[in-house]
Amino acid sequence: MAIIFNGKDIKPVLNGKPVKQVLYNGKTIYPSEGRCSFTCDDNNSNPEIPIRGDTSWIKGKRCLVKPYQEGVAICYLDDNNSELFYDGTPAALDGSMGIWMTDIPSYWLEHKGGEYNINNIQNLNHSITLTHKDEDDATNDITWNKTNRNKIFSRRVLVGVTEAVKQNKVIISKKGGKSTGSLKASQYHDLATALGNGFDIIDYETHCKIAHLFYAKYANRNPQEMSQFGYGEDSYTRITGTTSSLGNNDGKTSTQISFLGIEDFYGGKYEWMSGIHSNGSVYYIYDGFEPDAVPTASYRTVDVGGLTRQGNISKVYWGEHGDMIPKEVSASSTTHYCDWGYVAGSDSGWHVAIRSYGSAGDSGGVAYFDAQYTSDRYSGDVSSRIQYRGKIQELSVEEFNKIPFTAALSNGIYIASNDSSLVKPNSWDTANNSKAVGVAVISDKYKFIIDRGNESEMKWSNQVLDIPSLPNISIESKAKTDYNGEHNTDIIMSEDPKNVAAKYCRSKSITFGTTKKGYLGAAGEWWAIYNNRSQIDSALNKIGGIHTPAVRPYYWTSTEYSPDVAWYMSMGSQSLLIDDKSAMDHPVRPLYPL
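Right, let's walk through the structure included here. (Residues numbered from 1 in each chain as written. Predicted model: local features only at pLDDT ≥ 70, side-chain atom pairs only at ≥ 80, totals over all residues. Heavy atoms only, no water.)

What to know about the overall build of the protein chain
Part 1 of the reasoning: Counting its secondary structure elements, the protein chain contains 9 helices and 47 strands.
Part 2 of the reasoning: Structurally, the protein chain occupies a C-alpha span of about 90 × 65 × 45 Å along its principal axes.
Part 3 of the reasoning: Here the protein chain, with 594 residues, has 56% of them falling under the buried criterion.
Part 4 of the reasoning: Put simply, 67% of the contacts in the protein chain that link residues at least 6 apart link residues at least 24 apart.
Part 5 of the reasoning: Total accessible area on the protein chain stands at roughly 23400 Å², and carbon and sulfur atoms take up 46% of it.
Part 6 of the reasoning: The positive charge centre, built from 59 side chains, and the negative charge centre, built from 68, are 3 Å apart in the protein chain. (Helix = DSSP H or I, 4+ residues; strand = E, 2+ residues; numbered from the N terminus. Buried < 20%, exposed > 50% of the residue type's maximum accessible area, 1.4 Å probe, protein only. Contact = heavy atoms within 4.5 Å. Areas by Shrake-Rupley, 256 points an atom, 1.4 Å probe, with all protein chains shown as cover. Lys, Arg positive; Asp, Glu negative; His and termini not counted. Charge placed at Lys NZ, Arg CZ, Asp CG, Glu CD.)

Laid out in structure tokens, this is it:
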């Protein structure tokens, strides 16, 4: 149990000091600790297993996620309907308001018995205890391979609700459409990490976590035959997001299944995993994505021995880390672990691993593990999904909605609204023109907002002064690649006390979720404005703004040519030109960061 206020877990304080424990009706409600255990007997083929203890903490909490500051901001969704925030206000799951993910708790795993420690318990009898502590999630420790005596830490993780959907230069999790296939594991990794630090594709640790938590909660290794779950639609082109109606509840819709808030936690498409690769019977486990790297001492190793084998899994490795790598494959689809496995590939080279299963069938499940492919493999029925570990800030709906989310937007021109939304001009409702703050320009190399109308003519500076920290760029082709207007403006403001153009831009601001201060755009940014001028002017006209050029077609940039000369954009001559900083007046219009 936790203490919740405005949808966020809060940490109690008394007289300015943290409280170590809170009791309610004689029971501890903070910090809470949940402990449960299950036993897998390799000699017993029945997929149903005994469980004990408190499993109430085994649940995912769906949320919307945005890259923010040094990590991410999250805002939780309604328990019973993911299309609402926790406060009942509407939440869009189409990628426009953030990435649809689920927050899965940490726990400590202790294993006794089996081939790991035959002195503690009868051989082949694996007793697994999971202990969850609220304070572990609160501190959000992401140290890999953390141990405490004979216990192993499984870290808190945000996982994409849906399988990966490619948008622009990233993959996200969203409702609507089909998940993306036909990419190599490295391509999914590159698209996931483009979201920011801490993002990657689902890893082996999370794969094991899903299995551990399912066995502990449902006492069954065969979810396909459980009425609560089953198979889902027999297609790898399922439309994503139908489980939004389930909220945080485990279960199924007519086409999809969900556990821990993870839609299609098996079935749909196969999923590439990070954090594991193999050579023969030896598996190398690590934190990150290095599918063809030669292992170092920092890798953890698991050797399942023997030659190549495939079939339904009768034994998994377990070990002290709870490894879900198959050891023996002599079961059926209704006995032991019930799922299919392939291990100890005989062909040379490094092999990556996939989980889940494609379409629907009795081979899939939470234990499914296939390590027969190299990293250059791709297929339409193979995808992945994103996950995140790192700094997490839990925000209220109001706080969350103030943060812009642009990572998944395709390149182009958008109208920017003061509520932090970006709307294609042909979809903009002119009744909202009072909310429009400018026009956003987005590409792989730059993204900024151009002011809707503030503009004035002035000199670049009232003195001739070389700015030491600002590079002199004397070649036009290089000036066209300077997209550092905000950084340039910071330097000009600190090193040229008599600057005029940069000071004018910095004096302007807009509300785009939060307050954004203006800056003097760099030469590359103004070259981009020229190249998109007709679309930008059309969007400015639609919101009642002033199109470019408003006065004369020569705009100062923050790119310096030489100590006494700076670049300006000549809309009329369709080129970048130069002029003395303190000799001529040219128009200046602020840009704002996205």
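What to know about the sheet that holds strand β8 (residues 51–53)
Part 1 of the reasoning: With antiparallel pairing, the 6 strands of this open sheet are ordered in space as β8-β7-β13-β12-β15-β14. The sheet terminates laterally at β8 and β14 (147–148), the two strands that pair on one side only.
Part 2 of the reasoning: Helix α3 (residues 204–218) contacts β7 (33–41), β8, β12 (107–113), β13 (125–133) and β15 (151–154) of the sheet and is inclined by roughly 75° relative to β12. (Pairing = 2+ DSSP bridges. Axes fitted to C-alpha atoms, helices over the stretch in contact; angles between N-to-C directions.)

Looking at the pairing of strand β25 (residues 282–285)
Consecutive side chains of a regular strand alternate in pointing toward one face of the sheet and then the other.
Part 1 of the reasoning: Burial along β25 is two-sided: Val 282 and Tyr 284 facing one way and Tyr 283 and Ile 285 facing the other are all buried.
Part 2 of the reasoning: The sheet contact formed by strand β24 (residues 276–279) and β25 spans 4 bridges and is antiparallel. Across the sheet, Ile 276 pairs through a bridge with Ile 285, a residue of β25.
Part 3 of the reasoning: Bridging between β25 and strand β26 (residues 300–303) involves 4 bridges; their strand directions are antiparallel. Following the sheet pairing, Ile 285 is matched in β26 by Arg 300.

Observations regarding the environment of Leu 93
Part 1 of the reasoning: With respect to the helices and strands, the residue Leu 93 is situated in the loop between β10 (71–76) and β11 (99–104).
Part 2 of the reasoning: Residues Leu 93 and Asp 451 lie 358 residues apart in sequence; the distance between their C-alpha atoms is 29 Å.
Part 3 of the reasoning: Excluding residues within four positions of it along the chain, Leu 93 makes contact with Leu 64, Leu 77, Ser 82, Glu 83, Trp 100, Lys 174, Lys 175 and Ser 244.

Comments concerning empty space enclosed by the protein
Part 1 of the reasoning: Summed over the entire model, instances satisfying the criterion amount to 1 cavity of 30 Å³ or more.
Part 2 of the reasoning: Estimates place the volume of the largest cavity at around 250 Å³.
Part 3 of the reasoning: Around the largest cavity, the lining comprises 22 residues; the ones closest to its centre are Ile 152, Phe 153, Glu 205, Arg 300 and His 321.
Part 4 of the reasoning: Elements represented by at least two residues in the lining of the largest cavity include exactly β12, β15 and α3.
Part 5 of the reasoning: The element contributing the most residues to the lining of the largest cavity is α3, with 5 residues.
Part 6 of the reasoning: Of the residues in the lining of the largest cavity, the class split is 9 nonpolar, 6 polar and 7 charged. (1 Å grid on protein atoms, 1.4 Å probe; cavity = no way out; pocket = protein on both sides within 12 Å on 5 of 7 lines; lining within 4 Å. Points joined across faces, edges and corners; volume = space filled by probe spheres on them. Nonpolar A, V, L, I, M, F, W, Y, C, P; charged D, E, K, R; others polar.)

Considerations on helix α8 (residues 523–531)
Part 1 of the reasoning: Here α8 lies mainly inside the structure; 8 of its 9 residues are buried.
Part 2 of the reasoning: Turning to α8, its buried residues are Ala 523, Gly 524, Glu 525, Trp 526, Trp 527, Ala 528, Ile 529 and Tyr 530.

A closer look at the side chain of Asp 537
Part 1 of the reasoning: With respect to the element layout, Asp 537 can be found in helix α9 (residues 533–542).
Part 2 of the reasoning: Once you skip the residues sitting within four places of it in the chain, Asp 537 turns out to touch His 547 and Thr 548.

Let's talk about the layout of surface pockets
Unfilled space is identified by rolling a water-sized probe across the atoms.
Part 1 of the reasoning: Computed from the structure, the second largest pocket encloses a volume of approximately 580 Å³.
Part 2 of the reasoning: For the second largest pocket, the lining is made up of 26 residues, of which Ser 96, Met 97, Ser 421, Leu 422 and Val 423 are closest to its centre.
Part 3 of the reasoning: Elements that contribute at least two residues to the lining of the second largest pocket include exactly β36 (412–417) and β37 (422–423).
Part 4 of the reasoning: In terms of residue class, the lining of the second largest pocket is made up of 9 nonpolar, 11 polar and 6 charged.

Brief notes about unusual backbone geometry
Part 1 of the reasoning: Phi at Trp 318 is positive, roughly 60°, even though this residue is not glycine.
Part 2 of the reasoning: With respect to the helices, strands and loops of the structure, Trp 318 is situated in strand β28 (residues 315–318).
Part 3 of the reasoning: Even without a glycine there, the phi angle at Ser 356 is positive, about 85°.
Part 4 of the reasoning: Inspection of the secondary structure assignment puts Ser 356 in the loop between β31 (352–355) and β32 (369–373).
Part 5 of the reasoning: By relative accessible area, which is 0% here, Ser 356 ends up buried.

Focus: the nonpolar core
Part 1 of the reasoning: Judged by nonpolar contacts, the single largest core of 49 residues is most densely connected at Leu 130, Tyr 215, Phe 259, Phe 265, Ile 325 and Phe 369.
Part 2 of the reasoning: For this core, the element with the highest residue contribution is α3, accounting for 9 residues.
Part 3 of the reasoning: The residues touching Ile 325, leaving out its near neighbours within four places in the chain, are Tyr 204, Ile 276, Tyr 283, Ile 285, Val 302, Val 304, Val 316, Tyr 317, Val 343 and Phe 369.
Part 4 of the reasoning: The next biggest cluster of nonpolar side chains, apart from the first, holds 35 residues, and it includes Ala 192, Tyr 342, Val 382 and Ala 408. (Core = buried A, V, L, I, M, F, W, Y, C linked by side-chain atoms within 4.5 Å.)

A closer look at the packing of aromatic side chains
Part 1 of the reasoning: Under the criterion given, the structure shown has 32 aromatic pairs.
Part 2 of the reasoning: Ring centres of Phe 38 and Tyr 215 lie 6.0 Å apart, and the angle between their planes is 75°; this geometry places the pair in the edge-to-face category. Here Tyr 215 lies in helix α3 and Phe 38 lies in strand β7, a separation of 177 residues in the sequence. Across the pair, exposure class does not vary: Phe 38 and Tyr 215 are buried alike.
Part 3 of the reasoning: Members of the aromatic cluster, joined through ring pairs, are Phe 214, Tyr 218, Phe 229, Phe 259, Phe 265 and Tyr 266.
Part 4 of the reasoning: Looking at Arg 221, its charged tip hangs above the ring of Tyr 337, at a distance of 4.5 Å from the centre. (Phe/Tyr/Trp six-rings, centres within 6.5 Å; stacked < 30°, edge-to-face > 60°. Lys NZ or Arg CZ within 6 Å of the ring centre and 35° of its normal.)

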